[in-house]
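A look at the structure
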Amino acid sequence: MKKAKTLKMKRNLAINKKPKKPDPVALDKAIKEEFFDGEHLNDAGTTLYVEAMLIDRRSDLPQVMQDHVAHCAACQREVYEFYQFMQDEDVSNSSVHAFLDEHKQSLKPASMVSKGLGKRIRNIAAAVVVLGTIGWLMLQNPSKADQSMISKIETPFINQSINVQFDELDVSNEEAKTIKLEDGTIINIPAYSFVDKKGKPIKGKVKIEYRELHNTADIIASGIPLEQDSLGVTNNLETAGMFEIRGKKGKEPVYIAQGKNIDIQFASRHDGNGFNHYYLEDGTQPLTLNYLRTNQAGIIPGAFAQSSTAKVSPQWQWIGASAITSKIIVEKRIQEAKTYKKVDKQRIDSLKEVIAQMKSKHHTDSIEYIEKLLAQQKKDLAQEQKAKADYFQLDFNMEKNPHLEFFKDVVWQYIGENKEQSPTKRNSWVFNEKWDDIKLTSLKYLPVSLTGHKAAVFSVNFSPDSRYVVSASADATAKIWDNQGRLVQTLIGHSKAVTKALFSPDGQKVLTASDDFTAKLWNKQGNLLANLSGHKGKVLSIDFSANGKLILTAAADNTIKLWNNQGRLLHTMQHKYALKEARFAPNSKNVLSVSKKGPVKIWYIDGKLLHTLEGDHNSVGVSKDSKYLVTTSVISETGSGVWSSDGELLHSIKGSANQAIFSNDGTHLITIANRTAHLFSIYQKGVRTVLIKNMGGSYKGKGHLQKINNIQFSPSQHAIVTASDDYLAKIWDGSGNFRYNLRGHTNKVNHATFSPNGLHIATASADNTVKLWVETSQKDIYELELIKERRVVETNGRRVEIRGKNFVTIVRKATSDEIPEELQTKGLVHKSFTQNKDLSDMIARYEQAVKQKANKQRELKAKKPKVRAKVLRSFTVRRFGVYGAHRVFKMEENIICKAEFDFGPGVDHQDENIKVYLITGEQGTAVVPYTQRSWHRFQFDPNMANKLIAILPNDRLAVIEKREFANIDVDKVDQAGSYTFKLHPRPIQSKQDLDFVLN
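Residues numbered from 1 in each chain as written. Predicted model: local features only at pLDDT ≥ 70, side-chain atom pairs only at ≥ 80, totals over all residues. Heavy atoms only, no water.

Taking an unreviewed UniProt entry as the reference, the protein chain is identified by name as WD-40 repeat protein belonging to Microscilla marina ATCC 23134.

Given below as structure tokens:
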């Protein structure tokens, strides 16, 4: 045999001359030239490796060789086959290789092996290799014989309920059993199939755990990788489905006995060709029970691992071509998508054709008569359009939801302010849909719009007597309004954006802050009283002392200035770090200042520093009695802190936050972090906090979907208001429960505040308006939400997703007497007995009916699950674990670029723990992972339907949908060589949420 002969021949390789101080780079290069043939070891390399194994000197081998064999399955087989042959045939060498020359012990003499040794010996070596391997491994490290060097497969989600759950099946080990699952899978289990970890037969019942993974959501939720290492090359896999099967007796795992097979006819939803069967080597099988066959995992993972304790990832092992035993054996129970007749566009006739039709219809040749009829029709049409501007009816999918019959004949009247929210003026598409569901929420507040600003409005504040409102805008003005919405004064004098405006404690003066480096003091009549100049940067915050005697300004030049109420400068305080804001303590004795990221400082009003609260803080709040402070930080470990006014840290709350406030009585505390808010109760003894409510975006679907900009308690503390970038302000009760949406703005809401008497709410928005929200006495005003559910239909054998829709507006139910006659006579709307019934009663009846229907559907679903299998694929299971039908996924026309990702606000885009997945392939079952290390070689096939997702901290998912991905300008990406993908984050609370987003 060539390799055996090589051992006895004198080595005259150049690299055998041992250098004194070899250069590592040059040495690696030389090693690869002498011992490697392309990607694998050559005969000399295999011989050297086997010699090291025979004399137990593997650690003396070149590191590049050790690393390669540890990860290359092909070279592992070559090495072990030759190693086993050398031991079986008792072959030795006469000298020790240069790399191993420190070893002085010679191998025992043995007979030579001729060059013509046939394949028979190699086959014998291959047959005994695994047993030799197991014994050698256990002798080398018996204490770790049963320890897996393979990392455990885990779901990427914190909430374990998002993972694909197992079905549990009870079988007796003494009896053969055939299990037919409702999705079409058939499991045949012979008698006496199970043993314990020592190989002893199990007595009595065994619990089989079984689950199937068919779609993207299943794959992502399970954490099972779709990558395969083949001859040192990592391939991405496209799957036709996977299943996982386990067994246990009580709490202990059981295993499949030697010589026993479980036959599984797996119901696959993909009937494509070119698939192979694979087994996922996950390290759960004890080494002593590895009954390896030639068509299963050939090399034990970890056998060639280094002495390091680092674990390797699970690896897919090829076990054979996929065998389809039957096609379309399962009846499809999915409701077929309805085929809607295409409505042809109405043909526009020429005037001559119209006249000819009308002559025929009215039996006249008089052009004058025809012209009068056309003029009357035009007039009637104008009246119709006018009447339809406010009143409308809706079309519902009553076949899917029969209970929508309650609302079929209701005539609605739009009573909102903005055309953007009107279904009749800007959203006529609403009438082309058959809606699947409806939600009606009674409204407590209606808005009065304060228009006049020509740019975004940043802040709004009430006067102490609640009679006036002052707003600050990017148009370089502030405006004073009365509480009925009438403009009183416009304060003109700043040259750049006015970012804040507030009334003095006596309500007679207004203080404004601007990006023009100044603050200005005005009287209520709009006259300028003082120009507070001297800062060398934008004025970031302003404040009056509670007694009204002092004014405070803080600017981007990192200085804080104290002024008297006449505008005379008293003191200047220097802040070391980038300043964010400063404010008076309610006792008017101290000043608090905070950096964007740094310590909080407490000052005397004479400008002397009193205390420094060390840490990376970004906001500070103070209780009404000035006894306690609360700080926040974007660093989770620092979190929020409750401090005494003496600078002593009393309590910490883990988690990042941007803002925190105390309630008026100091018994509650709210922190804000991006789009979530947490309400805490404070116990004064020792100052401890207890979380009452998470008011975030995941709160029953009622929370904000984007960044929260500010939050405030009502004077009575019975309510809380929040303002957000999602165009909404929201009202919550004092316990943090959602109550009402304040819907009406058409851009982000920058600020929201209660009036001191609690009767009004004011909001400031980037849509250039302020809105005053007044509690309404009308009980028939509703927020109407229409819902069109997402659907998946089959077209030409492919599943096509039709995205869901929704529309929200503000309506009331019109009574019969209010409906314009024009709409009734034309049959565009019709009176109904429901029109004069109380809508609240209809809503209650509808919600009850929907609830009953949902319960019935759940029961029906439990009995008759949807089955979408197309073929049965036959698997022979000799080891418990994960099996799959996969094929290597290749992109035919791939675009390669350097990718950057925007995961949304508040997410660290450089977080190495965030993994991005490209969802692609014929049926969307190729899941290609990208870590930060591979972002520079991101690739996709523009001819495929692609979707991009990222799993973010706290069970959030960021997504680019297929339609948005398809709109990417591929030519520009190809030319630029880079692209920033902007993903849209959303919370995931359940497996159903994940299915909805991904499938």
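Considering the sheet that holds strand 54 (residues 805–813)
Strand order in the open sheet made by the five strands is 16-17-54-51-18, with antiparallel pairing throughout. In this open sheet, the two strands that pair with only one neighbour each are strand 16 (391–392) and strand 18 (437–442). Here strand 51 (residues 781–788) pairs with strand 54 via eight bridges, running antiparallel. Directly across from Lys788, in strand 54, lies its bridge partner Lys805. (Pairing = 2+ DSSP bridges. Helix = DSSP H or I, 4+ residues; strand = E, 2+ residues; numbered from the N terminus.)

Topic: helix 14 (residues 991–998)
Those residues of helix 14 that fall on the buried side of the exposure criterion are Lys991, Leu994, Val997 and Leu998. Seen along its axis, helix 14 keeps its buried residues to an arc of 125°; they face one direction. (Buried < 20%, exposed > 50% of the residue type's maximum accessible area, 1.4 Å probe, protein only. Arc of directions from axis to C-beta.)

So, the UniProt feature "repeat: WD" (unreviewed entry) in the protein chain
Summarizing the sequence annotation, UniProt attributes the feature "repeat: WD" (unreviewed entry) to residues 450–482, 491–523, 532–564, 701–733 and 742–773 in the numbering used throughout. In residues 491–523, the share of helix is 0% and the share of strand is 58%. The end C-alpha atoms are 10 Å apart. (UniProt positions renumbered as here; feature names shortened; annotations may be inferred.)

What about the sheet that holds strand 40 (residues 659–662)?
In spatial order, the strands read 40-41-42-43; together these four strands make up an open sheet with antiparallel pairing. The strands lining the two open edges of the sheet, one partner per strand, are strand 40 and strand 43 (688–694). Adjacent strand axes in the sheet meet at a mean angle of 25°, parallel and antiparallel pairs treated alike. Bridging between strand 40 and strand 41 (residues 668–673) involves four bridges; their strand directions are antiparallel. By the bridge assignment, Ile661 is partnered in strand 41 with Ile670. (Axes fitted to C-alpha atoms, helices over the stretch in contact; angles between N-to-C directions.)

Focus: the packing of aromatic side chains
Counted under the stated rule, the structure contains 25 aromatic pairs. Summarising the aromatic geometry, the rings of Phe243 and Phe266 are spaced 5.4 Å apart at their centres and angled 45° between planes, so their arrangement reads as tilted. One end of the pair, Phe243, is in strand 9 (residues 233–249); the other, Phe266, is in strand 12 (residues 262–268), with 23 residues separating them in the sequence. With a relative accessible area of 0%, Phe266 lands in the buried category. Three or more aromatic residues link up through ring pairs in this structure, and these residues are Phe901, Phe903, Tyr930, Trp935, Phe938, Phe940, Phe965, Tyr979 and Phe981. (Phe/Tyr/Trp six-rings, centres within 6.5 Å; stacked < 30°, edge-to-face > 60°.)

A closer look at the pairing of strand 56 (residues 881–888)
Strand 56 sits mainly inside the fold: seven of its eight residues count as buried. With seven bridges joining them, strand 9 and strand 56 adopt antiparallel strand pairing. Its bridge partner lying in strand 56, Glu238 is registered against Arg887. Pairing analysis gives five bridges linking strand 13 (residues 276–281) to strand 56, with the strands arranged antiparallel. The residue bridging Leu280 from the neighbouring strand is Val882, located in strand 56.

Describing unusual backbone geometry
Non-glycine residue Ser588 carries a positive phi angle of around 65°. With respect to the element layout, Ser588 can be found in the loop between strand 32 (579–584) and strand 33 (590–595). Its identity is not glycine, yet Ser626 carries a phi of approximately 65°, on the positive side. One can find Ser626 in the loop between strand 36 (619–622) and strand 37 (628–632). Taking relative accessible area as the criterion, Ser626 reaches 9% and is therefore assigned buried.

A look at helix 3 (residues 43–54)
Taking 1.5 Å per residue as the helical rise, helix 3 with its 12 residues ought to reach 16 Å, and the 16 Å between its terminal C-alpha atoms agrees with that figure. Within helix 3, nine of the 12 residues are buried, leaving the element largely enclosed by the surrounding structure. Its side-chain oxygen 3.2 Å from the backbone nitrogen of Ala44, Asn42 forms the N-cap of helix 3. Positive backbone phi, approximately 60°, marks Asp56, located one or two places after helix 3. (Expected span 1.5 Å × (residues − 1). Polar contact = N/O pair within 3.5 Å; in protein donor to acceptor, adjacent residues only side chain to side chain.)

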